[in-house]
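Below are the chains, spelled out letter by letter.
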Amino acid sequence: MRTIFFLIQRSILRLILLNIVLFISCFCRITSHSSQSQKQTNLLGLESINAKNPIVTFSAIKAADWAVPLEGLIDLEDPKAKETGLEDKEEPISIYFYLVQHPKEGTFLIDSGISEEFLPGRKPPVSSIVASQMNFEKLKIHQTTKNFLDQNKIIPKGVFFTHLHLDHIMGAKEIPDSTPFYTGTGETKDRTFINAFVQGSSNRLLGEKPNLIELEIGENTNQPSILDFFGDGSFYVIHVPGHTKGSLAFFIPGKTESHLVLGDTCHTQWGWLNQVPPGSFTQDSEKNRDSLFFLKKLANSIKGIRVYPGHQASLKN
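Residues numbered from 1 in each chain as written. Predicted model: local features only at pLDDT ≥ 70, side-chain atom pairs only at ≥ 80, totals over all residues. Heavy atoms only, no water.

**Q** Help me understand the sheet that holds strand β12 (residues 248-252), please; the structure alone is not making it clear to me.
**A** Within a beta sheet, neighbouring strands are joined by backbone hydrogen bonds and run either parallel or antiparallel to one another. Taking strand neighbours across the sheet as the criterion, the seven strands line up as β2-β10-β11-β12-β13-β14-β15 in an open arrangement whose pairing is mixed. Across the chains shown, the open sheet's two edge strands, defined by having one partner strand only, are β2 (43-44) and β15 (315-316). Here strand β13 (residues 258-263) runs beside strand β14 (residues 305-309); their pairing, made up of five bridges, is parallel. Paired with Gly263 across the bridge in β14 is Pro309. With respect to the sheet, helix α8 (residues 285-300) is in contact with β10 (225-228), β11 (236-239), β12, β13 and β14, its orientation differing from that of β13 by roughly 175 degrees. (Pairing = 2+ DSSP bridges. Helix = DSSP H or I, 4+ residues; strand = E, 2+ residues; numbered from the N terminus. Contact = heavy atoms within 4.5 Å. Axes fitted to C-alpha atoms, helices over the stretch in contact; angles between N-to-C directions.)

Put into structure tokens, the structure is as follows:
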């Protein structure tokens, strides 16, 4: 009799645990901070991109060097990866942010760099669970966001996030309060299981009351969509779902060479050259692959373009 009772009790406990897991996975967002949606009208097709209006000044800033498992950065099950013989190892990467200076609209950032709170000897503003998985002992900071902004006397008019994974919002608290934080469609509203473990850390990194704005670029489609943000052909925001639901890439025409910021649609030089999407770090591998192919098609259509993978040095296409 006790055995039957024990089995029933165990079944009930398993059912309760399953329901808790399902509840968390269905109802947890990357951040509990509120956001507002901003309808966009300057939406274009690939054929409408104009690479001949180079009025924006663009530069890349390396904030830190790091190292993470290769299996997260590259799909090691991809045929090209297997053919090359790639195996999991510790891969050197970097954290970048980008400066976009428009002659009329002001200065904007793409991603946020890294804050002083991550300097050696200080306690990072993330949970112990998150810290245990982030390999912080390998983090070598070159330039904090605050130091860069102060040295260059920059007050950003806005920050465009390629997405809201922790390594892209680590400098957000050093951006002045009320600065618009632009994300892609669904980025703050998408619900996944992993967010149950990172939401608190994301909230702290974004600050107490971040001005989060979701750009409605791809609200009716899972395909890449393109936004002429300033309306003058100088800066294009591209919705590239896959790595996350609201992942963004950016195209900036230049006088001598144009620039294509991939975000984490592709983390590495090897991934871009071989058109292999990320591995375990990405949310939807097939959508990520489609977005990666789309960005390659864009890059191939423009002469003199420099490509910026999410976490390694730029390269000529």
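The rest of the description comes next.
**Q** I'm lost on the pattern of salt bridges in this one. Help?
**A** Any two side chains of opposite charge can pair, given that their charged atoms come close. Scanning all chains against the criterion turns up eleven salt bridges. In this structure, the salt-bridge partner of Lys173 is Glu117, at a minimum N-O distance of 3.4 Å. Of this pair, Lys173 sits in the loop between β7 (158-160) and β8 (180-183) while Glu117 sits in the loop between β5 (106-110) and α4 (128-133); the two residues are 56 residues apart in sequence, bridging distant segments of the chain. The partly exposed category is assigned to Lys173, whose relative accessible area is 40%. By relative accessible area, which is 21% here, Glu117 ends up partly exposed. One network of salt bridges, in which partners are shared, links Asp75, Asp78 and Arg289. (Salt bridge = Lys/Arg side-chain N within 4 Å of Asp/Glu carboxyl O. Buried < 20%, exposed > 50% of the residue type's maximum accessible area, 1.4 Å probe, protein only.)

**Q** What is the right way to look at the pairing of β5 in this model?
**A** In regular strands, side chains alternate between the two faces of the sheet. The buried fraction of β5 amounts to five of the five residues, a majority that puts the element mostly inside the structure. In terms of strand pairing, strand β4 (residues 90-102) meets β5 through five bridges, oriented antiparallel. Note on β5: the bridge partner recorded for His102 is Gly106. As consecutive antiparallel partners, β4 and β5 are separated by three residues. When β5 meets β7, the two strands line up parallel, connected through three bridges.

**Q** Looking at this structure, how should I read the sheet that holds β4?
**A** Strand order across the open sheet formed by eight strands is β1-β9-β8-β7-β5-β4-β3-β6, with mixed pairing between neighbours. Unpaired on one side and paired on the other, β1 (35-39) and β6 (140-141) mark the two borders of the sheet. Note that β7 and β8 share two bridges and pair parallel. Across the sheet, Val159 pairs through a bridge with Phe181, a residue of β8.

**Q** Help me understand α8 in this model?
**A** A turn of α-helix holds 3.6 residues, and therefore any two residues three or four places apart point the same way. In this model, α8 (16 residues) spans 22 Å end to end at C-alpha, consistent with the 22 Å of a helix rising 1.5 Å per residue. Where α8 is buried, its residues touch β10, β11, β12, β13, α7 (269-274) and β14. Of the residues that open α8, the one with a side-chain oxygen 3.3 Å from the backbone nitrogen of Glu286 is Asp284. (Expected span 1.5 Å × (residues − 1). Polar contact = N/O pair within 3.5 Å; in protein donor to acceptor, adjacent residues only side chain to side chain.)

**Q** Help me understand the pairing of strand β3 (residues 57-69), please; the structure alone is not making it clear to me.
**A** Relative to β4, β3 runs antiparallel, the two being bridged by twelve bridges. Each residue of the ladder has a partner; that of Asp65, found in β4, is Ser94. In terms of strand pairing, β3 meets β6 through two bridges, oriented antiparallel. Bridge pairing in β6 places Ala64 opposite Ile141.

**Q** I tried to follow unusual backbone geometry on my own but got confused; where do I start?
**A** For residues other than glycine, phi is negative in most cases, and the peptide bonds are mostly trans. Even without being glycine, Asn135 reaches a positive phi, approximately 55 degrees. The residue Asn135 is located in the loop between α4 and β6 in this model. Relative accessible area serves as the criterion here: at 19%, Asn135 is assigned to the buried category. At Ser178, a position not held by glycine, the phi torsion is positive, near 80 degrees. Summarising the element assignment, Ser178 is placed in the loop between β7 and β8. Take Ser178: its relative accessible area is 58%, and that puts it in the exposed class.

**Q** Help me understand a nonpolar patch on the surface, please; the structure alone is not making it clear to me.
**A** On the surface, Ile129, Phe193, Ile194 and Phe197 cluster together into a nonpolar patch covering about 380 Å² of accessible area. By secondary structure assignment, the location of Phe193 is in the loop between β8 and α6 (195-206). By relative accessible area, which is 36% here, Phe193 ends up partly exposed. (Patch = residues over 30% accessible without salt bridge, like charges linked within 9 Å, V, L, I, M, F, W, Y side chains within 5 Å. Areas by Shrake-Rupley, 256 points an atom, 1.4 Å probe, with all protein chains shown as cover.)

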